[in-house]
Amino acid sequence: MRTAEAYVESLRARKLRLFVDGELCDSPVDHPKVRPAVNAVAATYALAHDPAHRALATSHSGLIGRPVNRFTALFREREDLLRKLEFQRVLGRLTGTCFQRCVGLDGLNALWVATHGRPEARSRFDAWLRGVQERDEMLNGAMTDAKGDRSKRPPEQPDHYVRVVERRADGVVIRGAKIHQTGAANAHQILVMPGQALREGEEDFAIACAMPVDAPGVTMVLGRQPSDDRRGGPDAGNARFGGQECVVLFDDVFVPNDLVFLDGDLEACSTLVNTFAGYHRASYGGCKPGNLDVLIGAADLVTRENGVRKASHVRDKLVQMAHLTETIHGLGVGASAKGTLHPSGVWVVDPILANVCKHHVTSLPYEIVRLAEDLAGGAMATLPSIADLDHPELGDALRTVAGTEERAKALRLVESLTYGAGSVPFRIECMHGAGSPQAQRVVLERTIDWDAKVKRARVLAGIDTDHELGDELDA
Ligand SMILES: Cc1cc2nc3c(=O)[nH]c(=O)nc-3n(C[C@H](O)[C@H](O)[C@H](O)COP(=O)(O)OP(=O)(O)OC[C@H]3O[C@@H](n4cnc5c(N)ncnc54)[C@H](O)[C@@H]3O)c2cc1C
């Protein structure tokens, strides 16, 4: 398995075409806006070599017969779902940001399920996955299309979707763009998947395939985040780590047959999208509580610096923040613990609890953020730069007014996680990542057995006979 250092070096070997702020970036790894996100991914590699975390960070691969990084592993046991969640929480806490590998992990497991019963697709996917595990690669899980006018279907506006534009004897040519691509510029390969279930006549959009990030025709453009110019500087908030999203453009990219897993198979693509949604919505019960641990810690630190930590309303607000955080985590754990074994040999999460988990993530962190902002006070929005606090002429006077450098750094961290660069992978990802709130409500409405509830209500109301418990209880 790669070390963190070997991972960073491996990124330098790529000939990535990445644009940052309108300019082609020669060395993405060293760019101040990219490096904090590289560091967050590197943490996922580092923990695989850390005796204290190795059990969570690695998993035995039946495919290649040796331990692999958990982010390339199949969920072979129910406990793998739970270990994944725990690993995500640890990483979320250690980095305070998105460590960018969950879409790839959830995507490869969903593809394992979707290729079940399709021998050719499975054999190609199996061979590719072995390579990913052997080389210990980071994947960009690329699902979300630009979508344009949401009321139109893909064939009505094909330029807003990734699709097959040519089929050759030796492969396919794809065109289009995927947006919001987490960690794309830090990855080795792109795992392209459809972003939604598709209908008859939409087969060209039903494509799942892989390619190196520097395949000819692939261009990435780094997304901007509020306060991203502060990265690498004293006011960054999170001093070492950050998230990343890119637009990925596919300009007639040729994909050889051995990297095409699904092409035009509507049923398998639907399985892929639904299975992925379940995995990924449960994932938010791991990483986001980890990030929230950091926000709670930062808010607590400010209250200590401000001398209000012991006030009863402050303690109560911290308890509330922790209570909401554990609610999210508990739902992720529940979705994993109630997982079931799919005939393909991997475990899938409970879809209802996974969707309830993600649905809570679209609201509870906003309340936690509100409480953090309450506790932090107005200085999180008005504080001068830390450079001013360190200034030989101003420093003494400013520190008297603005407090210690520790307090300032704690405030910057709260700021970053609530409305700065850290809040994009955190707060906005809470809302939209793995689907906006309505997407979960749609699944819940479809999945919940409404008739079973009505049936039991009819029995208890005395309308129908109790076939489940019988009459003995009354005897
Ligand atoms: C930080 C971040 C990281 C992400 N990482 C990844 C990643 O790594 N890989 C990836 O593939 N994707 C990623 N995503 C994408 C994520 O899955 C999408 O943001 C999500 O599915 C919502 O899509 P959207 O952003 O296009 O918003 P929209 O779908 O446009 O949603 C906006 C609003 O419009 C509503 N809406 C949408 N369609 C309709 C309709 N037909 N009728 C009525 N209302 C509608 C929604 O309910 C919502 O309220 C990421 C997103 C974020 C924010």
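Reference entry: report on the structure contained in this document. (Residues numbered from 1 in each chain as written. Predicted model: local features only at pLDDT ≥ 70, side-chain atom pairs only at ≥ 80, totals over all residues.)

Regarding the sheet that holds strand S6 (residues 163-168)
Short version of the rule: Two strands pair under a simple rule: DSSP has to find at least two bridges between them. Secondary structure elements follow DSSP: runs of H or I no shorter than four residues count as helices, runs of E no shorter than two count as strands, and numbering proceeds from the N terminus.
On the basis of which strands lie adjacent, the open sheet formed by six strands has the order S2-S1-S10-S11-S7-S6 and mixed pairing. A single partner strand is all that each edge strand has here, and the edge strands are strand S2 (23-24) and S6. In this sheet, strand S10 (residues 218-222) lies alongside strand S1 (residues 18-20) in parallel orientation, the contact comprising two bridges. Opposite Leu-18, over in S10, you have Met-220 as the bridge partner.

Structural notes on the pairing of S10
Where S10 and strand S11 (residues 245-256) come together, five bridges link them in antiparallel fashion. Residue pairing across strands places Met-220 opposite Val-248, the latter belonging to S11.

Section: the sheet that holds strand S5 (residues 139-142)
To summarise the sheet geometry, strands pair through backbone hydrogen bonds and adopt either a parallel or an antiparallel arrangement. Heads up, the condition is: Here an angle of 0 to 180 degrees is reported between the N-to-C directions of two axes, which are lines fitted to C-alpha atoms, with helices fitted over the stretch in contact. Note that contacts rest on C-beta atoms placed from the backbone: two residues are in contact if these are within 7 Å.
Spatial ordering of the open sheet is given by S5-S8-S9-S12, a layout of four strands whose pairing is mixed. Strand pairing shows two members of the sheet lacking a second neighbour, S5 and strand S12 (260-263), which therefore form its edges. Adjacent strand axes in the sheet meet at a mean angle of 20° when their direction is disregarded. Bridge analysis of strand S8 (residues 189-192) against strand S9 (residues 207-212) gives four bridges, and the strand direction is antiparallel. Paired with Gln-189 across the strands is Pro-212, a residue of S9. The sheet strands contacting helix H5 (residues 102-114) are S5, S8, S9 and S12, and the helix crosses S5 at an angle near 65°. Across the sheet, helix H6 (residues 119-135) lies against S5, S8, S9 and S12, angled at about 145° from S12, the strand it touches most.

So, the pairing of strand S4 (residues 66-69)
In this sheet, S4 lies alongside strand S3 (residues 58-61) in antiparallel orientation, the contact comprising four bridges. Considered in S4, the bridge of Thr-58 is made with Asn-69. Counting the residues between successive antiparallel strands, the hairpin from S3 to S4 contains four residues, one of them, Gly-65, with a positive phi of roughly 70°.

As for the packing of helix H7 (residues 266-305) against helix H8 (residues 312-337)
Describing two packed helices takes the angle between their axes plus the distance from one axis to the other. Worth spelling out the cut-off: By the definition adopted for this analysis, an angle is roughly parallel if under 35 degrees, roughly antiparallel if over 145, roughly perpendicular if from 65 to 115, and oblique otherwise. Should the near helix be turned counterclockwise from the far one by less than a right angle, the crossing is left-handed, whereas a clockwise turn marks it as right-handed. Three categories are distinguished: nonpolar for Ala, Val, Leu, Ile, Met, Phe, Trp, Tyr, Cys and Pro, charged for Asp, Glu, Lys and Arg, and polar for the others, with Gly belonging to the last.
Remark: H7 packs on H8, axes separated minimally by 8 Å, with the N-to-C direction vectors making an angle of 165°. Between H7 and H8, the angle falls in the class roughly antiparallel. Read as a crossing pair, H7 and H8 show a hand that is left-handed. Contacts between H7 and H8 pair Ala-282, Tyr-284, Gly-285, Gly-286, Lys-288, Pro-289, Leu-292, Asp-293, Ile-296, Ala-299, Asp-300 and Thr-303 from the former with Val-314, Leu-318, Met-321, Ala-322, Thr-325, Ile-328, His-329, Leu-331, Gly-332, Val-333, Ala-335 and Ser-336 from the latter. Across the contact of H7 with H8, the residue classes break down as 14 nonpolar, seven polar and three charged.

Topic: helix H9 (residues 351-361)
Put simply, the rule reads: Field definition: a residue is buried when 20 or more other C-beta atoms are found within 10 Å of its C-beta, exposed when 12 or fewer are, and partly exposed for counts in between, with C-beta atoms placed from the backbone.
In terms of burial, H9 is largely enclosed, as ten of its eleven residues are buried. Taken residue by residue, H9 has Pro-351, Leu-353, Ala-354, Asn-355, Val-356, Cys-357, Lys-358, His-359, His-360 and Val-361 as its buried positions. Turning to H9, the residues buried within the fold contact H7, H8, helix H10 (364-376), helix H15 (423-432) and helix H16 (437-447).

Observations concerning helix H2 (residues 35-46)
Keep this limit in mind: One less than the number of residues in a helix, times 1.5 Å, gives the span that helix is expected to have.
Between the first and last C-alpha of H2 there are 16 Å, a value that for twelve residues agrees with the 16 Å anticipated at 1.5 Å per step. Of the surrounding secondary structure, the elements contacted by the buried residues of H2 are helix H1 (4-12), S4 and helix H4 (78-95).

Describing the site of the ligand
Keep this limit in mind: Using a C-beta atom placed from the backbone, a residue is scored as near a molecule or strand whenever that atom is within 6 Å of it.
Residues in contact with the ligand amount to 23 residues; listed here are only the nearest, Met-143, Thr-144, His-180, Thr-182 and Glu-429. Sorting the residues of the shell around the ligand by element identifies S5, strand S7 (171-182) and H15 as the ones contributing at least two each. The element that contributes the greatest number of residues to the shell around the ligand is H15, accounting for five residues. Across the shell around the ligand, the residue classes tally to seven nonpolar, eleven polar and five charged.

Any functional reading would require information that these geometric values do not contain.
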